[in-house]
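Survey of secondary and tertiary structure
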Amino acid sequence: MTTKRMGLSGKPETAAEMAARFDDLHPPYNEMMAMTESNRCLYCYDAPCTTACPTSIDIPAFIRKISTGNPNGAAKTILEENILGGTCARVCPTETLCEQACVCNELEGGPVPIGRLQRYAVDHFMEADKPHPFGRKPSSGKTVAVVGAGPAGLACAHRLAMLGHDAVVFEAKAKAGGLNEYGLAAYKMTNDFAQKEVDFLLEIGGITIQYEQRLGDNLLLADLSRDYDAVFIGIGLGDVNDLGLEGEDKDGIHSAIDFIEEIRQAPDKRDVAVGDNVIVIGGGNTAIDAAVQAKRLGAGEVTLVYRRGAEQMGATDFEQDLAKLNDVIVRYWSMPSGIKGNGKVESMVFEKAELDGGKLMGTGETYEVKADMVLKAVGQKLLPSGLDGIELNRGKLVLDEKFQTTMGGVFAGGDAVASGEDLTVQAVEDGKQAAHAIDQYLSGM
């Protein structure tokens, strides 16, 4: 997957100019493009791409349906396993999952563009305004409380509804979607797609969402356990790791997640404040999203600083290339060691780093980077508020093999548990599998 260099010079003067900078990163395929690419698939038996997909979508099956002119059938195949297949088609690191496993990597032309074909099929179905593709089993009379309307919670609620149970979703924010709505770069989720996908998901019926209900605040786990037949926790990671430096509370130092959320929710992105000299600290996709968007907002110089090398970055090769194509300066092997400024950040000091016997060590050599804005993207952590009685291990919820926490009748999934990589597609799979586990639990009540 490739993208072109974005010509950036200063802050856009009009809303149209700003909107162009945040236009769709990967324009969707038309029918001819989808047919051409789908015909490259070899339709492997026991396909490695399906094995590599965390939600186990039958990838050859849906691609074959596209190639035979049946995109709506393709969408149903996708959505059977991943009800948030539209978002995942946009943001999944396919180059490290299904497309990396594609046997066509060994052939001229490279892997089949599975992600973009998936988007074509799901978008086609949603734009056709077809009835919801899945019905519900007869009502069980059971109701499950789902805490968090992010990918894990929504996937769990939808599968519970399919299985005949009712789900009441409690969401801390004013909108559903979780990171799909608040935490992904605006150029990845254009045209309010996250909310369109939520509306589509809710069409199955049996799901209600209550907003501004925060666990540990106006929502108590003990009450949910008492009032509902089971509980699912899909709260994600709501807190951001600190740098641990003196002066970290200076003006101009922010969470990259908060910055991305502000951009996503701004009606006019020209209203989002951005520095002239921005430093982003981190090596994951969130750091890349923050850095690229800062540049597109009109920052003069954006420097992304990571403590290790390019090979160790959590961000994919594509994301790293995207940063460079957007004129983001990337500095490797650099650890933050100081913050300068009188009340407001003016610069940061970094110590050069190296590996010594496999351990990251500072070399003692330092350098300084001017900054009037610093964005922290050094990982997120679980907010333990409201989780009394549930065992944690290394900051994650402890689960058994049936997705149940150490509190009976309380299940969990998504980024708050240690099920795998912190990816939207993994959260969807967690929610889906937890719903089946809850169904078994309820059948034994």
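Whatever comes next refers back to the structure up there.
Everything quoted here is computed from the prediction, not taken from an experiment. (Residues numbered from 1 in each chain as written. Predicted model: local features only at pLDDT ≥ 70, side-chain atom pairs only at ≥ 80, totals over all residues. Heavy atoms only, no water.)

A few points about the nonpolar core
Ranked by internal contacts, the top residues of the largest apolar core, which has 70 residues, are Ile-59, Phe-62 and Ile-438. The residues touching Ile-59, leaving out its near neighbours within four places in the chain, are Cys-49, Thr-50, Cys-53, Cys-98 and Ile-114. Listed in part, the 35 residues of the second largest apolar core include Tyr-187, Ala-290, Leu-322 and Val-328. (Core = buried A, V, L, I, M, F, W, Y, C linked by side-chain atoms within 4.5 Å. Buried < 20%, exposed > 50% of the residue type's maximum accessible area, 1.4 Å probe, protein only. Contact = heavy atoms within 4.5 Å.)

Remarks on empty space enclosed by the protein
Inspection of the entire model under this criterion finds three cavities of 30 Å³ or more. Approximately 140 Å³ is the volume attributed to the largest cavity. As for the largest cavity, its lining consists of 16 residues, and the residues nearest its centre are Cys-53, Cys-92, Thr-94, Cys-98 and Gln-118. For the lining of the largest cavity, the secondary-structure elements that each account for two or more residues are α6 (85-91) and α8 (114-127). Sort the elements by how many residues they give to the lining of the largest cavity and α8 lands first, with three residues. Among the residues forming the lining of the largest cavity, the class breakdown is 11 nonpolar, five polar and no charged. Reported here for the second largest cavity is a volume of approximately 100 Å³. What lines the second largest cavity is a set of 15 residues, among which Cys-41, Cys-44, Cys-49, Cys-102 and Val-103 lie closest to the centre. Counting only elements with at least two residues in the lining of the second largest cavity, the list comes to α3 (48-52) and α4 (59-67). Among the elements that line the lining of the second largest cavity, the one with the most residues is α4, at three residues. Classifying every residue of the lining of the second largest cavity gives 15 nonpolar, no polar and no charged. (1 Å grid on protein atoms, 1.4 Å probe; cavity = no way out; pocket = protein on both sides within 12 Å on 5 of 7 lines; lining within 4 Å. Points joined across faces, edges and corners; volume = space filled by probe spheres on them. Helix = DSSP H or I, 4+ residues; strand = E, 2+ residues; numbered from the N terminus. Nonpolar A, V, L, I, M, F, W, Y, C, P; charged D, E, K, R; others polar.)

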